[in-house]
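# Observations on the model geometry
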Amino acid sequence: MAADSTENRIDPEFTAYPLRELAAAALQRAADLGAEHADFRLERIRGQQITLSDGNLETLFDGDDLGLSVRVVRDGTWGFAAAVDLTADAAAAAAAEAVEVAKVAAAMNTERIELAAEPGYGDVEWVSAYDADPFAVSVADKVALLAGWSSGLLAADVVSHVDASLYAVKECKFYCDGDTTALQQRVRVHPALTAVAVADDGRFETMRTLAPPAGRGYEYLTGTGWDFPAELAQIPGLLTEKLAAPTVRPGRYDLVVDPSNLWLTIHESIGHATELDRALGYEAAYAGTSFATPDKLGSLQYGSPVMHVTGDRTTEHGLASVGYDDEGVAAQRWDLITGGVLTGYQLDRRIAQLRGFGRSNGCAFADSPGHMPIQRMANVSLQPAAAGGPATEDLIAGVEDGIYVLGDKSWAIDMQRYNFQFTGQRFYRISGGRLAGQLRDVAYQATTTDFWNSMEAVGGPQTYLLGGAFNCGKGQPGQVAPVSHGCPAALVRNVRILNTAEEST
Ligand SMILES: [Zn+2]
């Protein structure tokens, strides 16, 4: 491999831009024009997508997004402007344009914008935890690795087709509001392989690797944090069994949900539901509002007493982890659900001030230099039982007649984050406390509070896995954000199971 050790330093190509000079020009112009707040960002976001079909390169896409932006509050109203010219004149012009936007918007503004106070941190740097910059590895090496994995799968009789993909992102971000000047770099990768089998009767089944996307570098593909060869070696056998598996009989079952599946249920039914802008109805156009409204804070029995959920932007390798958010707020970790009760929300500075929370918990994020930050999801994670807590086998042993669910696939949730349905990659029948072969066509359906209140036990730390996604969508115009969700295995009683094959006919 041609990967260089980066020693976790900020890309010198990025630090070579006159970051502080441009920030000073923008902030000075904003102040001269009467802005009561101004912040400046300069970002370079590199992204690369590689996909292979049956071992042959199908897509190679390189994106490079570079620009600056200025956000102001003037006369209690937001203003924002972005530019691609990286000159002091362009930065100052963007500041002037942002002030003009605020002046025009002031006539329509009904709520004065005020930002929750945050200490200044001076000059700070933060780099995510990774070893090998994926952009320092040649495309030929990446394609060769994915092609080798693909041909290994295709060598099995049961496998008819293989899709392989690798997404990599390197995000360099400079933020300055006069009190805090933050220079940050994040790296993330998402490798995935899907094997397809076709039965004699024409029915087909697929099986995807469970490896989650991670805030790691290229080392993730070469043995750090996931054992791809070991997982790939299991896939032909799992697929053979799935192809021959009986279809599920609909009804109510006890579920043991693997973290490779549960992370997505957390994302949809807790992560989005505890965004305060959504709970207040400020965010409704894209994926709806939330049933978990602020009048229920401190009283809503969201789930059972074993349910403890945190928001955090500090998890090592977390996709939403940062040192400072896009409003200069230091990364934090806090409770969202404590002993099953709703105890917190995800906040940015504006919404924290509006609702009297005192301080933002650092959830502002913009997905490009051309976009204004909005409140985006922290790593929202379900905490495991204490050390010595149950292993997955222990949870399975507690089930007489049930289903063990692994891996995420499709999902649906209503506009209040309340009624949902999830499928998965792999399903096993549980009979008499033991696994009894795979099932297919399984989906589980519940309301958010019924599901989480039926969670009888969570696994110990040894069952914990950090799942997640690169592209959580929100806002209008739409923005995407990467986010991780850690969780243990969980035992959930008496959940409604649908047969997806019957439902679709
Ligand atoms: Zn989402």
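Not measured: the values here are computed from a predicted model.

### A closer look at the overall build of the chain
Counting secondary structure elements, the chain contains 11 helices and 24 strands. Here the chain has a C-alpha radius of gyration of 24 Å; the compact-globule value for 505 residues is 23 Å, and the two agree. Along the first, second and third principal axes, the C-alpha set of the chain runs to 75 × 55 × 45 Å. For the chain, buried positions account for 51% of its 505 residues. The contacts of the chain with a sequence gap of at least 6 include a subset with a gap of at least 24, amounting to 76%.

### Some remarks on the pairing of strand β17 (residues 419–422)
Judged from the 3 bridges that link them, strand β16 (residues 411–413) and β17 form a sheet pairing that is antiparallel. Opposite A412, over in β17, you have Q421 as the bridge partner. Where β17 meets strand β20 (residues 442–447), 4 bridges bridge the pair, whose relative direction is antiparallel. From the neighbouring strand, Q421 faces β20, where its bridge partner is Q445.

### What about helix α2 (residues 19–32)?
Compared with the 20 Å implied by 1.5 Å per residue over 14 residues, the 20 Å span of α2 between its first and last C-alpha is a close match. If you check which residues of α2 are buried, you get L22, A23, A25, A26, L27, R29 and A30. In the core, the buried residues of α2 are packed alongside β1 (37–53), β2 (56–74), α3 (88–106) and β5 (161–176). Directly after α2, the chain includes G34, whose backbone phi takes a positive value near 90 degrees.

### Comments concerning the sheet that holds strand β14 (residues 379–382)
The sheet built from 4 strands is open, its strands ordered β11-β10-β9-β14 with antiparallel pairing. The sheet is open, and its two borders are formed by β11 (341–342) and β14, each paired with just one other strand. As paired elements, strand β9 (residues 309–312) and β14 share 4 bridges and run antiparallel to each other. The partner of V309 across the bridge, within β14, is L382. Sitting on the sheet, helix α6 (residues 259–271) touches β9, β10 (333–338) and β14, and the angle it makes with β14 is about 110 degrees.

### Some details on the nonpolar core
Membership of the largest hydrophobic core comes to 109 residues, with the highest contact counts inside it found for A26, A30, V70, A94, A95, V256 and I403. Counting residues per element, this core draws most heavily on α3, at 7 residues. For A95, the residues in contact, after removing those within four places along its chain, are A26, R29, A30, A38 and V70. One finds F135, L145, V189 and L193 within the second-largest nonpolar core, a separate group that totals 30 residues.

### Section: α6
Between its first and last C-alpha atoms α6 spans 15 Å; for 13 residues at 1.5 Å apiece the expected length is 18 Å, and the helix comes up short by more than 12%. Across the 13 residues that make up α6, a large majority, 12, are buried. Here α6 has its buried residues at P259, S260, N261, L262, W263, L264, T265, I266, H267, S269, I270 and G271.

### What to know about the packing of α2 against α3
Helices that pack against each other are described as a pair by the angle of their axes relative to one another and the distance between those axes. Relative to each other, α2 and α3 sit at 30 degrees, their axes nearing to 8 Å. Accordingly, the angle class assigned to the pair α2 and α3 is roughly parallel. Read as a crossing pair, α2 and α3 show a hand that is right-handed. Residues E21, L22, A25, A26, R29 and A30 of α2 touch α3, and the partners they reach there are A88, A91, A92, A94, A95, A96, A98 and V99. In terms of residue class, the contact of α2 with α3 is built from 12 nonpolar, no polar and 2 charged.

### Observations regarding the pairing of strand β23 (residues 479–487)
The side chains of a regular strand alternate between both faces of the sheet. With 7 of 9 residues buried, β23 is to be regarded as a mostly interior element. Relative to β23, strand β22 (residues 465–474) is paired through 8 bridges, and the arrangement is antiparallel. Bridging across to β23, A469 finds its partner in V483. Between the antiparallel neighbours β22 and β23 lie 4 residues, among them G475 with a positive phi of about 90 degrees.

### Quick look at the environment of T293
Within the secondary structure layout, T293 lies in the loop between α7 (276–279) and β9. Counting along the chain gives 279 residues from T293 to F14, while the straight-line C-alpha distance between them is 42 Å.

### Quick look at the packing of helix α4 (residues 139–154) against helix α5 (residues 228–244)
Remark: α4 packs on α5, axes separated minimally by 9 Å, with the N-to-C direction vectors making an angle of 25 degrees. Judged on the interaxial angle alone, α5 and α4 are roughly parallel. As for the relative orientation of α4 and α5, their crossing is right-handed in sense. Between α4 and α5, the contacting residues are W149, G152 and L153 on the first element and F228, L232, I235 and P236 on the second. Of the residues assigned to the contact of α4 with α5, the class counts are 6 nonpolar, 1 polar and no charged.

### Structural notes on the environment of F357
Within the secondary structure, F357 sits in the loop between α8 (349–354) and β12 (364–365). Note on F357: 16 C-beta atoms within 10 Å, which makes it partly exposed. Separated by 13 residues in the primary sequence, F357 and G344 place their C-alpha atoms 9.9 Å from one another.

### As for the confidence of the model for the chain
Taken as a whole, the chain shows an average pLDDT of 95; of its residues, 98% reach a score of 70 or greater. Here residues 1–6 scores under 50 on pLDDT; set against residues more than four positions off or in separate chains, the count is 17 contacts.

### Some thoughts on unusual backbone geometry
Q476 connects to P477 through a cis peptide bond whose omega is 0 degrees. Counting through the fold element by element, P477 comes out in the loop between β22 and β23. Although it is not a glycine, D75 adopts a positive phi angle of roughly 55 degrees. Within the element layout of this structure, D75 appears in the loop between β2 and β3 (77–83). Residue D75 is classed as partly exposed on the basis of its 16 C-beta neighbours within 10 Å. For R417, which is not a glycine, the phi torsion comes out positive at approximately 65 degrees.

Cut-offs and rules
- Residues numbered from 1 in each chain as written.
- Predicted model: local features only at pLDDT ≥ 70, side-chain atom pairs only at ≥ 80, totals over all residues.
- Helix = DSSP H or I, 4+ residues; strand = E, 2+ residues; numbered from the N terminus.
- Rg over C-alpha atoms; globule rule 2.2 N^0.38 Å.
- Buried ≥ 20, exposed ≤ 12 C-beta atoms within 10 Å, placed from the backbone.
- Contact = placed C-beta atoms within 7 Å.
- Pairing = 2+ DSSP bridges.
- Expected span 1.5 Å × (residues − 1).
- Axes fitted to C-alpha atoms, helices over the stretch in contact; angles between N-to-C directions.
- Core = buried A, V, L, I, M, F, W, Y, C linked by C-beta atoms within 7 Å.
- Parallel < 35°, antiparallel > 145°, perpendicular 65-115°, else oblique.
- Left-handed = near helix turned anticlockwise from the far one by under 90°.
- Nonpolar A, V, L, I, M, F, W, Y, C, P; charged D, E, K, R; others polar.
- pLDDT = per-residue confidence, 0-100.

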